[in-house]
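One-letter residues, chain by chain:
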Amino acid sequence: MVHDLSRLFRPRSIAVIGGGAWCAQVIEQSRRMGFDGPIWPVHPKAREIAGVPAYARLDDLPDAPDAAFVGINREATIEAVSTLKRMGAGGAVCFASGFAEAQAEDGGAEAVQERLIAAAGEMPILGPNCYGFINALDGALLWPDQHGCGRVERGVALLTQSSNIAINLTMQRRALPIAYTVTCGNMAQTTQAEIATALLDDPRVTAIGLHVEGFADLRAWERLARKAHDKGVPLVAIKVGRSDQARAATVSHTASLAGGDAGAQALLDRLGIARVDDLPSFLETLKLLHVAGPLERGTLASVSCSGGEASLVADTAHGRPLRFPPLSPGQRTALRDALGPKVALANPLDYHTYIWRDTEAMTRVFSAMTGPEIALTLLIVDYPHTDAADWECATRAALEARVRTNRNVAVTATLPELMPEDVAQRLIAGGVVPLQGLREAIGAVQAAVRRPPPCPVPVAPGRVGDAGHGAQVLSEDAAKVALAGHGLAVPRGVIAESVAECATGAARLDPPLVLKGMGIAHKSEAGAVRLNLDAGDVEAAAAEMPASRFLIEEMVQGAVVELLVGITRDPAHGFVLTLAAGGVLTELLEDSASLLLPAARDDMETALRGLKVFALLTGFRGKPAADLGAILDAIEAIQAYALANADDLEEVEVNPLICTATGAIAADALIRKAP
């Protein structure tokens, strides 16, 4: 069910149910921010709360409230929500705790939450166990504590499950205009994705920041991503709560690579949602998006009056998908006219201090560093907290450069505290981005580069629940037969049920041969793999192995590189496809990329091209190139098997996939299924 949240978030009337300091704060906060609709306190005994006349019962109210703050205990909350629903209220914030979050201490807490959901019916509720929301556009606050928001005409929306983090974010002193702050609490009924989707209907919202602990409903997140893309509103996430869910399958390399956070990152990539790792970068990214919108490319220009700062900018961006294009002839001419012959022209530019206090010359330099190929020009300016009057020339030049060029310009302080809030507000009003902290600024630029549209194909849902201890691991030969049935190339081989059968089996194959002892998870470490054998050597080699059943195969020749292709069921995100450098050094190399199923062939190729080992695939230092088409065919075959067996598959791994100039052959395979 999709709930209509419009009345709740943009109310014309507010009911506050309960007394005490928390409920009084809700009334005071809304009045202080200029909410001009009626506020109706409800309390069975109090005549007034926060100076506003109170009603004894909800049924005594003059009308059904658009939004209600329910600040009473959990049992009374259920009764109040039921009454609000019957009255036709627009929605409620459930402040009380003691619901599903308390299940560990109270075995009946989950059942209490189910009763709350039933009482609400189609009426939307936030929480329980949440602070509610701040609508700083209309001055409507169902919020029981302090906050740092002020009225704005447009701005970003912040969503988080944590009320404390929400308070901290509102207290930012970075001039970021915050339109909405919403805490989601337990998300018993309305999910974070559903809330964000509803906020997209307000055209005053310029970007949405999501502090995400988990993805409860993948379809809701897909709907959010599509709607945000269609409306041109960028989404930014800071994802926490790194999970062990995908690490249950410890028998494979894939499990260690895909464990924890890989599924979450793959989902965000698939949805086109930018991700940052810390709260300062989160706020700076939202600020950049609010002022400039998504950047078309990761190209930067940097201007500073210090060679040290120019070096810091370049070093901070090093290793990221960002670049500083060389100056064009036109830029060089304009810069030389403004700076004279003593300044070495480059990007990043150190313009020294020859033109400091000459606002016109500074404007010409700043303007010259913009251009059609530059997504954002960074003007490095740190304002002293002692006396910043002498830095007014830089502020005025930045604002004028924006007017003259209509290009994206950012005044960037290398230290966050060296950007005065009043200056930052002036810059935003003039269309210039004030960025605070060099590392945060560069991270914000990377996150603000426009993402591809969200994938239109829904994520393939995996089976929900734990595989338990009875998971079945197919033998290597059985796994290869299953995968070959979906088009994966495997070596020609035979099974020997004893040491004595090895010689007969080996004679049917063309050497060199590979001998493997079956029933051993990590064969190389156990000495259960022998390579480059002649047929006559196989029986003696088998006698030395800790196994009673053997697989004999023709050895794959002409390897260009070895890859790992694995798929792991992640209960939170579906199936995670992992592509990585293969062989016995997989974890050591830490060279991997992850996608969610179903993955398009083009996305598989893009992921491969992002691996360090891809250089070997193209022919490194005169070596032959691998057959990229055959590699992609192999990956698609493994995916086809996974999708056909989604109901009980836990994981499938091919490691190594031996890539040659003419093909891609699975030298080893593992399949693990649920009981």
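Up top is the structure these notes are about.
Everything numeric in this text was worked out from a predicted model, so none of it was measured.

Here is what the cut-offs are and how they apply
Residues numbered from 1 in each chain as written. Predicted model: local features only at pLDDT ≥ 70, side-chain atom pairs only at ≥ 80, totals over all residues. Heavy atoms only, no water. Helix = DSSP H or I, 4+ residues; strand = E, 2+ residues; numbered from the N terminus. Buried < 20%, exposed > 50% of the residue type's maximum accessible area, 1.4 Å probe, protein only. Areas by Shrake-Rupley, 256 points an atom, 1.4 Å probe, with all protein chains shown as cover. Lys, Arg positive; Asp, Glu negative; His and termini not counted. Charge placed at Lys NZ, Arg CZ, Asp CG, Glu CD. Pairing = 2+ DSSP bridges. Axes fitted to C-alpha atoms, helices over the stretch in contact; angles between N-to-C directions. Parallel < 35°, antiparallel > 145°, perpendicular 65-115°, else oblique. Left-handed = near helix turned anticlockwise from the far one by under 90°. Contact = heavy atoms within 4.5 Å. Nonpolar A, V, L, I, M, F, W, Y, C, P; charged D, E, K, R; others polar. Right-handed = clockwise from strand over helix to strand, strands pointing away.

### Observations concerning the overall build of the chain
Broken down by element type, the chain carries 23 helices and 30 strands. Along the three orthogonal principal directions, the C-alpha set of the chain runs to about 95 × 80 × 35 Å. Taken over 675 residues, the chain has a buried fraction of 57%. In the structure as shown, the chain presents an accessible area of about 27400 Å², 50% of it carried by carbon and sulfur atoms. Each charge class in the chain can be summarised by its mean position, and for the 60 positive and 79 negative side chains these summaries are 6 Å apart.

### Points about the environment of Gln-265
Checked against the element boundaries, Gln-265 lands in helix H9 (residues 262-271). Separated by 195 residues in the primary sequence, Gln-265 and Val-70 have C-alpha atoms spaced 36 Å apart.

### Points about the sheet that holds strand S2 (residues 39-42)
With parallel pairing, five strands are arranged side by side in an open sheet as S2-S1-S5-S6-S7. Strands with a single pairing partner mark the edges of an open sheet, and in this sheet they are S2 and strand S7 (125-126). When strand S5 (residues 67-70) meets strand S6 (residues 92-94), the two strands line up parallel, connected through three bridges. Of the residues in S6, the one forming a bridge with Val-70 is Cys-94.

### Here's the deal with the sheet that holds strand S21 (residues 493-496)
With antiparallel pairing, the four strands of this open sheet are ordered in space as S21-S24-S22-S23. Single-partner strands in this sheet number two, and they are S21 and strand S23 (529-533). Looking at each pair of strands side by side, their axes are set apart by 20° on average, direction ignored. Across four bridges, the pairing between S21 and strand S24 (residues 550-554) is antiparallel.

### So, unusual backbone geometry
In this structure, the amide linkage connecting Asn-347 to the following residue, Pro-348, adopts the cis form with an omega of 5°. As for its placement among the helices and strands, Pro-348 is situated in the loop between helix H12 (329-339) and strand S16 (349-350). Of note, the bond from Pro-511 into Pro-512 is cis; its omega dihedral lies within 30 degrees of zero at 0°. Checked against the element boundaries, Pro-512 lands in the loop between helix H18 (502-506) and strand S22 (513-517). Positive phi is not limited to glycine here, since Asn-129 has a value of about 60°. The topology assignment puts Asn-129 in the loop between S7 and strand S8 (133-135). Not every positive phi belongs to a glycine, and Asn-406 is a case in point at roughly 55°.

### Things to note about the packing of helix H11 (residues 307-317) against helix H16 (residues 438-448)
In contact at an axis separation of 10 Å, H11 and H16 are set at 50° when each is read in the N-to-C sense. As summarised for this structure, H11 and H16 are arranged oblique, according to the angle between their axes. Both H11 and H16 take part in a crossing whose hand is right-handed. Residue-level contacts link Leu-312, Val-313, Thr-316 and Ala-317 of H11 to Leu-438, Arg-439 and Ile-442 of H16. Here the contact of H11 with H16 is built from residues that sort into five nonpolar, one polar and one charged.

### Topic: the packing of helix H14 (residues 392-405) against helix H15 (residues 421-429)
Following both chains from N to C, one finds H14 and H15 inclined at 20°, their axes separated by 10 Å at the closest point. By the angle between their directions, the pair H14 and H15 is classed as roughly parallel. Judged by the twist between their axes, the crossing of H14 over H15 is right-handed. Contacts from Glu-392, Thr-395, Arg-396 and Leu-399 of H14 reach H15 at Val-423, Arg-426 and Leu-427.

### Thoughts on the pairing of strand S10 (residues 155-160)
Counting buried positions along S10 yields six of six residues, so the element is predominantly enclosed. Two elements, S10 and strand S12 (residues 205-212), share five bridges in a ladder whose sense is parallel. Paired with Leu-159 across the strands is Leu-210, a residue of S12. Pairing between S10 and strand S11 (residues 178-183): five bridges, direction parallel. Opposite Thr-160, over in S11, you have Thr-183 as the bridge partner. Since S10 and S11 lie parallel, the crossover through helix H5 (residues 163-170) that links them has a hand, and here it is right-handed.

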